[in-house]
Structure formats: C-alpha cells, structure tokens
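The chain contents come next:
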Amino acid sequence: MTISQDSPATAPAANGSTAKAKAPEWIPINEQPLYKPRKLRVVCVGAGYSGLMLAYKYKYQTPMDNFLDLAIYEKNAEVGGTWYENRYPGVACDVPAHIYTFSWEPNPEWTSFYAKGGEIFEYIRRTATKYGLDERVQFNSKVVSSIWDEAAGKWSIKVEQTQADGTTEIIEDAADVLVNGSGILNKWNWPSIPGLHDFKGTLLHSAKWDTNLDWDGKRVGIIGNGSSAIQILPQMQRTASRVVNYVRSPTWVSSPYSADLTPEGKNFQYTDAQKKELRENPEAMLALRRTIEDNFNKFFYSLLNGTPQQKAITELFQKDMRSRLNNDPVLCEKLIPNWAVGCRRLTPGDGYLEALQASNTFVEFQPIVRVTPKGIETTDGRVEELDIIVCATGFDVSFAPHWDVVGRNGVSLAEQWRDDPQAYFGICATNMPNYFIFNGPNCPVGHGSLLAVMEWTAEFVLKWCNKIASEDLRAVTVNAQATAEYNAYTQEFMGRTAWSSGCQSWYKNNKGADGKVTAMYAGSILHYKEILASFRTEDFDLEYNCTKNRFKFMGNGITQLEEAGGDLSFYVTK
Ligand code: NAP
C-alpha cells in the first residue's frame, strides 16, 4: 500500500479562516485499544495429527479461543487421519514412537520402539478426548470446494456431510482463514496396469485394506517394495501358501537405522519396568525423547552428499543388507541400491529381507505386462496364478488438493500446481490468500521429527491468524517473487542431497529418477524451525480492511492491558 505524502497541511475555509485540511490518509480515531483483534473464523480440513495440533495450540498454548472461531471438518467418522485409515497387516510407524508423539503429551506407555498403527491411532484418539480437541471437529464432513470470495475477503466453503442414515447434504461455511491439514499420503491410486480390474480374485490396495481378508493358505501377489509393502509382506508370508513380490526398483532396508538406540538394530518391546520408570520419572522420559530427537537430527548429515556420515552409513547399510540377504547374488544385485541412502523413504523393514528368502516367497524382478483374470503376467510370458493381489503402489503425491481450491482471480490450485507444485516453505501458495497448508511441497517430511515440524507449522499459522485479526488485515498472500526465489534456492540445494541421487521415489512425485524433488526441504528441521520462527512477513503481500490507513489498529492510544486494568508496571522486574 502506498500512502501519498503531498496533501496540503492547511486550506482556506469558506468563512475566510484557515482550517486544517484532512490528508487523504485521514481516518477518525478508532475507539478501541491497540491490537484489539477482530473475530476470525478459521476452517481447518482434517483432524489427523496436523488438525489436532492446530486445535491444541489454539486452545492451550496461544491461546486464541477468545477471538478465533476454529472449525475442523473431517471426512472420516474419527480423528487420526492416516492412522485411522491404514489398517493393512503390519502397519506401523517407521519413526520411533517417542518422537512420533505430541510434544505436550509424552506417552510412557508406548509398547515398542516403533509403534504399531493401531496403538498410534488409540494414542491420538485418547489425546483428542483428554484435551477436548475434538470439540471443534465435525465428523463425516468432506470439504468439496473452497473458493476465495474477493468481495467478502473470505473463503466460501462447501462441505458434504454424511448423516447417520447414509444420506448426504451439502452445507456452506465462510472462513477468513483456510488451513489444509488433509495430508499428502492419503489419496491412494490404483496402479495403471492393463487388466487390473479383470482379476477374478481379491484385489486390494494397501491404503484401503479389508480387515476381514483371510490369506491363510492363499497365493498372494504384492506389487511394490515401498514402506507399505515392506511392512505387509512379512505378515502375509507367515501363513500364505505362496507370496510373490513384484519389485521394479532397489531400495535401502535399514535395520541399523537408529542402531545405537535399538539393540541389534531391530524393533523391541519396552519392558514393564522401563515403562514404569518413564511414567514415574519425567526426567527419564524427557531424556529418552531428547536422545532420540538428537539422534534423528544428526542423521541429516547422512543425507548430504560427500559427508563422512553418508559414507559411513552407506557402508553400514550395504554390509547389513548383504548379510541379511545371505549374500544371495541375485537378491543383492537387484535390491541393494547404487543411489544414496535416504533417496527413497527409509524403512527399518523388520523381517522383510528375511521373509523374501522364505521357501514360500518368490521375488519377481520381471516387469509386469498385465493382470489377467487369474493372476499376473510378466514380460517373460509367465503368468503367476494368484488368489489375492495387493497393490502397495503408493499415493497421488502431486500435492493437488483433494477438493477444488480456487483462489484469487479464479486460479485453481490444482491447475497452478499441475506440472510443478511450488509452495513457500511448504505452507503457502501464490494466488491463495489466507490459505495455509501442513506438509505441502518442499517442506521437511522425510527427516527429523514430523510432529515437531507440524508443531512449528501450527505456530506459524496461528501467528498469521493473530496478525490478521489484531492488525485488521483483510488478506495475506505470499509474494510470487519470494515464492519463485524460495523454490529456485531449494532446487539448487537439492543437488547436494541424497534425494537427487538417481532413484525413482514419491519425493519426486514419482516422475522418474531425474524428476524434480517436490517433497523435501532444503535443510535440516532445525533450519526450518529457525526460519519459520523469524516470521518473514516481508515475503507476503498484505491488504488491510482499512484501505486508507493501515494504522487504524493503533486505536485510542491505550493498550488492552490498560483497558483491562492489568499490572501497569509489569516491565519492571528487578
Ligand atoms: P511408495 O513408497 O510410493 O511405494 C510404491 C511402490 O509401488 C514402489 O515400490 C513402486 O515402484 C511400486 N509401484 C507403483 N506403481 C507400480 C506399477 N504400476 N507396477 C509395479 N510397481 C509399482 O508407497 P508406500 O509404500 O505406500 O509408501 C508411501 C509413503 O507412505 C512412505 O514412503 C512413507 O512416507 C509413508 N508410509 C509410512 C509408513 C510408516 O511406517 N510411517 C508406512 C507406510 C507408508 P517404484 O519404486 O519402482 O516406483
């Protein structure tokens, strides 16, 4: 906003006396104290870890419930997001449980170092109930569109709500601020394999599991060797008559990951005595969490090309995989990558390499040609007859939102990001006023604690909400040039990381070994924290409700503290 400096200070009045003329920037005194916030409606999509983190910070740590009206729409019947939806056998977190925890709700009861999916879901649900975080959540409510209404300075939102009798209705809402906490790894896709749906047996996707599925004595084909397949295969192999794993890329399976924290580099159960100690001794609990967090943050150096840490971890993983594969020449050649550790998502992979060598398992490296009614045909002409096909083939990771997001001047976010998703620190997008995203493009989702990253993101979003409300901002939009510069710098940095070392991965939107890294951040999570905390408002275009004078929020010359009769000498402390 530019404010003209050239208005005359005085002008002759009609009666001949000299009266003060008003500058174009003149506005009457705003009869309220400094920074008095206006009411703001904030809508968040999704009640997984992100949405609940926002709900907690809003209610307890900021707190803002006196002027900010938060609504969370959740498409499922429960909180938990990915941990509510993913029910496949073996579903677990590949990050240690004690750092996959809300920082403000440590959990001494984790049963194992890497927790199972069901236990994580119960923890999230229990925590939401304990703190009343679900009070603001409307369940069975799927956001279907959000359109920026320029005249109103709000997002017009349509939500499809499913009633108890299964009928649906569309409700409408309007939000000053829209937050996307809907996650990236939940829009699952069938793979594009010819004939897939001609299969006469049971076809299912890892992310849409049928918990009644019985695979005892059955012939099972598992397509893929990402984190999901690596967890599923050892479970199914135990009782299936035959398991065929269709593998088209090598991958690092990393049992020595966090080796100094896990005896023998494997998952383990916490004993009753250990849990009792963590329950009764908060210092021990804190020390354990800090040790794991520290260990994970140091791992970042292993992701930087040419570091001694990268060399050491590569040698360690190579040795471990060779040993676990019993030096089998074919398996070692096909499964041990020649690209850097961490290029694709690392997984501890307990029992996976061992299960691949079981007598009832076959690893098929021949590419799939088609699925037939009876099984899977590979390029060598062989048809493997199967009863069950599991597509552990991943997700739509294009960052296109799950619903229509239409910002300024009718720009669709899906369209804007169709070929090249570019965000600002993974949180904001150009042309999308008052719009914030958890875990968007190029933010740290693959190293360090994701829960910490979500917490810092929630703080950043709420800082903006506070500024919008207390300075009477109408719209804040990340600046296009700042976003372009952020992305150019990010991509330059990617060249020195493991993520660009030649693998096919969802970090590159599955666009081939040379694809652009769209999912990862150009730095450690501590680097991310420090920049977010510096709250660079200079990278944003700000529009005020009062277009004549941005300082309307200065009010009547007193502060809210004074108006409330607070301690007027609070700043004298010594
Ligand atoms: P993913 O990492 O994207 O892996 C998909 C697998 O399917 C890859 O091996 C891929 O092969 C293969 N594939 C895809 N389309 C195929 C086709 N048409 N024919 C043959 N193979 C095909 O998916 P994901 O395993 O579900 O894991 C996704 C992410 O979810 C993980 O990286 C992780 O971030 C998260 N996750 C986390 C946990 C956890 O423990 N926290 C557990 C599961 C998942 P190519 O590699 O050759 O493309």
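A brief look at the structure comes next. Keep in mind the model is a prediction, meaning the values are calculated, not measured.

For the α-helix, the turn length of 3.6 residues means that residues three or four positions removed from each other point alike. Among the 13 residues of helix H1 (residues 49-61), ten are classified as buried, and the element is accordingly described as predominantly covered. All of the buried residues along H1 are Tyr49, Ser50, Gly51, Leu52, Met53, Leu54, Ala55, Tyr56, Lys57 and Tyr58. For H1, the elements touching its buried residues are strand E3 (40-45), strand E4 (68-73), helix H2 (82-85), helix H3 (117-131), strand E9 (177-180) and helix H11 (450-470).

With that settled, consider the pattern of salt bridges. Summed over the entire model, instances satisfying the criterion amount to 37 salt bridges. The salt bridge involving Arg41 is made with Asp69; its shortest N-O contact spans 2.7 Å. Remark: Asp69 occurs in strand E4 and Arg41 occurs in strand E3; sequence separation between them is 28 residues. For Asp396, the salt bridge is made with Lys187, and the minimal N-O distance between the two is 3.4 Å. Of this pair, Asp396 sits in the loop between strand E17 (388-391) and strand E18 (404-406) while Lys187 sits in the loop between E9 and strand E10 (202-205), and the two are 209 residues apart along the sequence.

Assignment of secondary structure puts Gly502 in the loop between helix H12 (480-494) and helix H13 (525-534). Along the sequence, Gly502 and Gly515 sit 13 residues apart, while their C-alpha atoms lie 8.8 Å from each other. Residues contacting Gly502, with those up to four places away along its chain left out, are Trp339, Cys343, Lys508 and Ala513.

Attention shifts here to the state of the cysteines. Applying the stated rule across the entire model yields one disulfide. A disulfide bridge connects Cys343 with Cys503, and the sulfur atoms are separated by 2.1 Å. The S-S bond linking Cys343 to Cys503 shows a torsion near -90°; that makes this disulfide left-handed. One end of the pair, Cys343, is in the loop between helix H8 (329-335) and helix H9 (352-356); the other, Cys503, is in the loop between H12 and H13, with 160 residues separating them in the sequence. Just so you know, Cys93 is unpaired, no disulfide at all, and the nearest cysteine sulfur is the one on Cys443, 16 Å from it. Residue Cys465 stays outside any disulfide, its sulfur separated by 10 Å from that of Cys44, the closest cysteine. Residue Cys465 is classed as buried on the basis of its relative accessible area of 1%.

Once that is clear, we can look at the side chain of Gln237. Inspection of the secondary structure puts Gln237 in helix H4 (residues 227-237). Using a relative accessible area of 14% as the deciding quantity, one classes Gln237 as buried. Residues in contact with Gln237, not counting those within four places in the same chain, are Val243, Ala355, Ala358, Asn360 and Thr361.

We now examine the sheet that holds strand E16 (residues 383-385). One open sheet holds the three strands; their spatial order is E14-E15-E16, and the pairing between them is antiparallel. With one partner strand each, in any of the chains shown, strand E14 (368-371) and E16 form the two edges of the open sheet. For this sheet the average axis-to-axis angle between neighbouring strands, irrespective of direction, equals 25°. As paired elements, E14 and strand E15 (residues 375-378) share three bridges and run antiparallel to each other.

What follows covers the site of the ligand. Around the ligand, the structure places 25 residues, and the nearest of them are Ala92, Ser228, Ser249, Arg344 and Trp506. A distance of 3.3 Å separates an oxygen atom of the ligand from a polar atom in the backbone of Ala392. Note that an oxygen atom of the ligand is positioned 3.2 Å from one of the side-chain N or O atoms of Gln504. The leading source of residues in the shell around the ligand is H4, at three residues. Across the shell around the ligand, the residue classes break down as eleven nonpolar, ten polar and four charged. Taken domain by domain, the makeup of the shell around the ligand includes at least three residues from each of domain 1 (40-79 + 133-187 + 399-544) and domain 2 (196-254 + 306-339 + 341-391).

Next up on the list: unusual backbone geometry. If you check the backbone angles, Asn327 has positive phi at about 55° while not being a glycine. Note on placement: Asn327 falls in the loop between helix H7 (308-324) and H8. With a phi close to 70°, Phe399 is a non-glycine residue in the positive phi region.

Another aspect to go through is the pairing of strand E12 (residues 242-246). Most of E12 sits out of view: four of its five residues are buried. Direction of pairing for strand E11 (residues 219-223) relative to E12: parallel, over a ladder of five bridges. Bridge pairing in E12 places Ile223 opposite Tyr246. Note that the unit made of E11, H4 and E12 has a crossover that is right-handed. Bridge analysis of E12 against strand E13 (residues 361-364) gives four bridges, and the strand direction is parallel. Each residue of the ladder has a partner; that of Asn245, found in E13, is Val363.

Right, let's talk about H3 for a bit. The end-to-end C-alpha separation of H3 is 21 Å, in line with the 21 Å expected for 15 residues at 1.5 Å each. The complete set of buried residues in H3 reads Gly117, Glu119, Ile120, Phe121, Tyr123, Ile124, Thr127, Ala128 and Tyr131.

Across the sheet, which stays open at both edges, the four strands sit in the order E8-E7-E6-E18 with mixed pairing between neighbours. Bordering the open sheet on either side are strand E8 (168-175) and E18, each of which pairs with just one other strand. Taken pair by pair, the neighbouring strands of this sheet meet at an average axis angle of 20°, ignoring direction. Inspection of the sheet shows strand E7 (residues 154-162) paired to E8 by eight bridges, in the antiparallel sense. When the sheet's bridge partners are listed, Thr162 is paired in E8 with Thr168.

Scoring rules and cut-offs
Residues numbered from 1 in each chain as written. Predicted model: local features only at pLDDT ≥ 70, side-chain atom pairs only at ≥ 80, totals over all residues. Heavy atoms only, no water. Buried < 20%, exposed > 50% of the residue type's maximum accessible area, 1.4 Å probe, protein only. Helix = DSSP H or I, 4+ residues; strand = E, 2+ residues; numbered from the N terminus. Contact = heavy atoms within 4.5 Å. Salt bridge = Lys/Arg side-chain N within 4 Å of Asp/Glu carboxyl O. Disulfide = S-S within 2.5 Å. Pairing = 2+ DSSP bridges. Axes fitted to C-alpha atoms, helices over the stretch in contact; angles between N-to-C directions. Near = heavy atom within 4 Å. Polar contact = N/O pair within 3.5 Å; in protein donor to acceptor, adjacent residues only side chain to side chain. Nonpolar A, V, L, I, M, F, W, Y, C, P; charged D, E, K, R; others polar. Domains from an automatic or database assignment. Right-handed = clockwise from strand over helix to strand, strands pointing away. Expected span 1.5 Å × (residues − 1).

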